[in-house]
Amino acid sequence: MERNIMSELLAWRNMKADRMPLVLYGVRQVGKTYILREFGDRYFKNTIYVNFERMQGITDFFEGELQPERIIRMLEEYFSQKIIPDETLLIFDEIQACERALTSLKYFCEEAPEYHVVAAGSLLGVAINCEKFSFPVGKVIMKTLYPMRFDEFLRAVGKEYLVSMIREHFDTMQEMPHATHLELLEWYRRYLYIGGMPAAINQYMERESMINVPEVQNMILNSYTADMAKYTSDSESTKIRNAFLSMPAQLAKENKKFQYKLIRKGATAGLFGDSIAWLIFSGVVISCERTSRGDMPLAAFRDVSAFKLYLSDVGLLSAFSGVTMENIVRNELSEIYRGALAENYMAQTLKAGGYDLYYWTSDLPTAEVDFLIQKEGRVIPIEVKSGENVSAKSLKHFNKMYQPEKVMRFSEKNFGINDNVYTVPLYAAFCV
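Along each chain, the written sequence defines residue order, and numbers are assigned to residues from 1. Reporting in this predicted model follows two pLDDT cut-offs: at least 70 for local features of residues, and 80 or more for side-chain atom pairs to be given and counted; totals over whole chains, interfaces and linings ignore these cut-offs and use all residues. With hydrogens and water stripped out, all remaining heavy atoms of the structure feed into the side-chain values.

**Here's the deal with helix H10 (residues 213-230)**
- Helix and strand definitions follow DSSP, with helices as H or I runs of at least four residues and strands as E runs of at least two, each counted in order from the N terminus. Expected span, for any helix, means 1.5 Å times one less than how many residues it has. For H10, built from 18 residues, the straight-helix expectation of 26 Å at 1.5 Å per residue is met to within 8% by its first-to-last C-alpha distance of 26 Å.
- Listed as buried for H10 are Val213, Val216, Gln217, Ile220, Leu221, Ser223, Tyr224, Asp227 and Met228. Along the axis of H10, the buried positions cluster into a sector of 150°, meaning they face one direction only. Turned more than 90 degrees off the buried face of H10, the exposed positions are Glu215, Met219 and Lys230.
- Here, two residues are considered to be in contact whenever any of their heavy atoms come within 4.5 Å of each other. Summarising the contacts, the buried residues of H10 are in contact with helix H8 (178-194), helix H9 (198-207), helix H11 (234-245), helix H13 (269-282) and helix H14 (314-321). Whether a residue is buried, partly exposed or exposed follows from its accessible area with a 1.4 Å probe, protein chains only, as a fraction of its type maximum: under 20%, in between, or over 50%, in that order. When we speak of the arc, we mean the arc of directions from the helix axis to the C-beta atoms.

Quick look at the structure:
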C-alpha cells in the first residue's frame, strides 16, 4: 500500500548535511513497521531490523556507554551483517521498550550522523511523557503516521485516477461530473465503514468483501485495551478503559464536548484527566480543543477545560458502535450519529494533514463551529454536514463576527462557491 509519508522519508534519506535520526510514532497497527521496512527495501541496499519487544537480548547492547560505533559493532556481530553508511537502514522498532535505545539517538545525531537510523513505537507518545524517559529533544526528527486517509484508501483499491480528479476540482472549485460525484460518495461511505487501518483495508481488498472487516477492526480495538492493561497499573488501566468505552456515547449527542459523567456517575477531570491524557498520547483518540475566539493565533484563546475527543480512525468507530455497512448505505443511522461519523472522518483527515484542531462556541447567540484550523497565517472555519442539508446558522454567525477570507462547508453536495463560502464534498477533505 502506498503511503503519503513515503515522500517525507525519502527526503530525509537524501539529506546531505545535519541529518538526525528519524522517529516515527503512531497508534498500534497503523503500519509503522510495514512502511519502514518497505522504505528500506526500496531505497537501501540492506536493512537491520531490531524489535525491542521481541528481541529483548539486544537491550543489553545499550547498557553502559552509548557510543554509536560500539553499538554498531555489536549489531553487526549479532546480525552477521555489515552496517554501511548510506547503504544500510537501521530500524529500532517498539523503541519505547528500551529507554536507553531512545536516549542513544542523541549520540547518533551528535557523533554518527552518517548512519541512517529510524525508530518507531506504538506507545512512544506515552513513553515520552513519562518522567523516567530522557527523550533526545532537538536531536531527532519527529514524524507521526496516521491511519490511511481517503486518498490513500482510493489508491489502495486501484482508484488513483479519482484522487487526481478530486484535487483538480478542489483547486478550481468546478462541479464534479454528477456520475463521478455519486461514485465518490459511495466510496466515501465505504470508507466510513472500513476506515484507514491497513489491516482492515487489506482484508477488504483480499476478499473483495466487507464481511470480515469488523473482525479485523475488533482485533485492533482489543489490542488497544490490552495495551492499557500491559503498560499501566490495574487501577489506572481500568480508568483508561472506562474512558475509552465511553467514546461512542460521547459522540452520540448533539453537543460533542467530552463529558466525564458519561464515563460513570461522579466522574471528574481530577479522577480521569490522566486517563484521557494516556489515550491522547497513545494516539488512540484525537483531541479537539475549544477556542473562545476566531482570531489568530487560535492557541492563545484555547480553553483547556472544554474539548472533544474523536477516535483515531472512523472505521474503528463504526466497529466500536456496531454500525454495519447497510446502516450507512441505507441511511439507517440517526442523524446525530451520521454526523458523528462525518465529524470523526474530518478530524482524522485534518490531523493527518498536520493541523492542530480547535472548535469554537458562542453563548449569545448559541453557536458552534465544528473545526477551526490555521493555514498560511489565516483562520479557516470548517463546518461538517453528513448529508446535503447545509443550513449552518453557527457558520453564518462566525462569518459575521470574524469575516474570514474563506469558510469551508463539507457535505454530500458538489463543489461550489458563494461569496467566501466554499462548498466542498466530504470526499475531498484530504485536499485541505
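Here the narrative resumes.
**Describing the pairing of strand E3 (residues 88-93)**
- With six of six residues buried, E3 is to be regarded as a mostly interior element.
- Two strands make a pair as long as DSSP finds a minimum of two bridges between them. With six bridges joining them, strand E2 (residues 46-51) and E3 adopt parallel strand pairing. By the bridge assignment, Asn46 is partnered in E3 with Thr88.
- The parallel pair E2 and E3, bridged by helix H3 (residues 68-79), forms a crossover whose chirality is right-handed. A right-handed crossover is one whose linking path, passing over the helix from the first strand to the second, runs clockwise when the strands point away from the viewer.

**Considering the packing of H10 against H11**
- The N-to-C vectors of H10 and H11 enclose an angle of 150°; their axes lie 8 Å apart at closest approach. Between H10 and H11, the interaxial angle falls into the category roughly antiparallel. Between H10 and H11 lies a crossing of right-handed hand. Taken together, the residues of H11 that come into contact with H10 (itself represented by Leu221, Tyr224, Thr225, Met228 and Ala229) are Ser237, Ile240, Arg241 and Phe244. The angle between two axes is taken between their N-to-C directions and runs from 0 to 180 degrees, where each axis is a line fitted to C-alpha atoms and a helix contributes only its stretch in contact. Oblique is the label for every angle not falling under 35 degrees (roughly parallel), over 145 degrees (roughly antiparallel), or within 65 to 115 degrees (roughly perpendicular). Note: crossing handedness is left-handed where the near helix turns anticlockwise from the far helix by less than a right angle, and right-handed where it turns clockwise.

**Describing the environment of Ala252**
- By the secondary structure assignment, Ala252 is in the loop between helix H12 (247-251) and H13.
- When near neighbours in sequence (up to four residues on either side) are disregarded, Ala252 contacts Ile336 and Tyr337.

**Focus: the sheet that holds strand E8 (residues 358-362)**
- Across the sheet, which stays open at both edges, the eight strands sit in the order E7-E6-E8-E9-E10-E11-E13-E12 with mixed pairing between neighbours. The open sheet is flanked by strand E7 (302-311) and strand E12 (416-418), the only strands paired with a single partner. Direction aside, neighbouring strands of the sheet carry axes that sit 30° apart on average.
- Across five bridges, the pairing between strand E9 (residues 367-375) and strand E10 (residues 378-384) is antiparallel. In the strand pairing of E10, Ile373 is matched with Ile380.
- This element, helix H16 (residues 335-352), spans strand E6 (285-291), E7, E9, E10 and strand E11 (407-411) of the sheet and lies at about 15° to E9.

**Considering the nonpolar core**
- For the purposes of this section, nonpolar cores are sets of buried Ala, Val, Leu, Ile, Met, Phe, Trp, Tyr and Cys residues that join through side-chain atoms within 4.5 Å. Judged by nonpolar contacts, the single largest core of 137 residues is most densely connected at Phe92 and Phe150.
- Sequence-distant contacts of Phe150, defined by excluding residues within four places in its chain, comprise Ile166, Leu184, Trp187, Tyr188, Tyr191, Tyr345, Tyr427 and Phe430.
- Listed in part, the 13 residues of the second largest apolar core include Leu372, Ala392, Phe398 and Tyr402.

**Comments concerning helix H17 (residues 393-402)**
- Three or more residues of H17 are buried, namely Ser394, Leu395, His397, Phe398, Asn399 and Tyr402.
- Elements that come into contact with the buried residues of H17 comprise E8, E9, E10, E11 and strand E13 (421-425).
- Just downstream of H17, Gln403 is the residue with a positive phi angle, here 45°.

**Here's the deal with the side chain of Asp227**
- Looking at the secondary structure, you find Asp227 in helix H10.
- A relative accessible area of 7% places Asp227 in the buried class.
- In contact with Asp227, other than residues within four places in its own chain, are Arg28, Leu123 and Trp278.

**Thoughts on the packing of helix H7 (residues 160-172) against H8**
- Relative orientation of the contacting elements H7 and H8 amounts to 115°, with a least axis distance of 12 Å. With respect to H8, the element H7 is oriented roughly perpendicular. The chirality of how H7 crosses H8 is left-handed. Here Tyr161, Leu162, Met165 and Ile166 of H7 come into contact with H8, specifically with Thr180, Glu183, Leu184 and Trp187.
- For this classification, Asp, Glu, Lys and Arg are treated as charged, while Ala, Val, Leu, Ile, Met, Phe, Trp, Tyr, Cys and Pro are nonpolar and the rest, including Gly, are polar. Taken together, the residues of the contact of H7 with H8 break down into six nonpolar, one polar and one charged.

**A look at unusual backbone geometry**
- For the bond from Met296 to Pro297, the omega torsion is -15°, close enough to zero to count as cis.
- Look at Glu94: it is not a glycine, yet its phi comes out positive at around 50°.
- For Glu94, a relative accessible area of 8% puts it in the buried group.
- You will see that Asp419, though not glycine, has its phi angle at about 60°, which is positive.
- By the secondary structure assignment, Asp419 is in the loop between E12 and E13.
- Owing to a relative accessible area of 71%, Asp419 belongs among the exposed residues under this scheme.

**Section: the environment of Asp171**
- Mapped onto the elements, Asp171 comes out in helix H7.
- Take Asp171: its relative accessible area is 64%, and that puts it in the exposed class.
- Placed 260 residues apart in sequence, Asp171 and Cys431 show a C-alpha to C-alpha distance of 8.6 Å.

**Some details on the sheet that holds strand E5 (residues 141-144)**
- Strand order in the open sheet made by the five strands is E2-E3-E4-E1-E5, with parallel pairing throughout. If you trace the sheet from one side to the other, it starts and ends with E2 and E5, each paired once. Each adjacent strand pair in this sheet contributes to an overall mean axis angle of 20°, direction not counted.
- In terms of strand pairing, strand E1 (residues 22-25) meets strand E4 (residues 116-121) through four bridges, oriented parallel. The residue bridging Val23 from the neighbouring strand is Ala119, located in E4.
- Helix-sheet contacts for helix H1 (residues 6-13) involve E1, E3, E4 and E5, and the interaxial angle to E4 is about 145°.

Nothing here speaks to function; it is all geometry.
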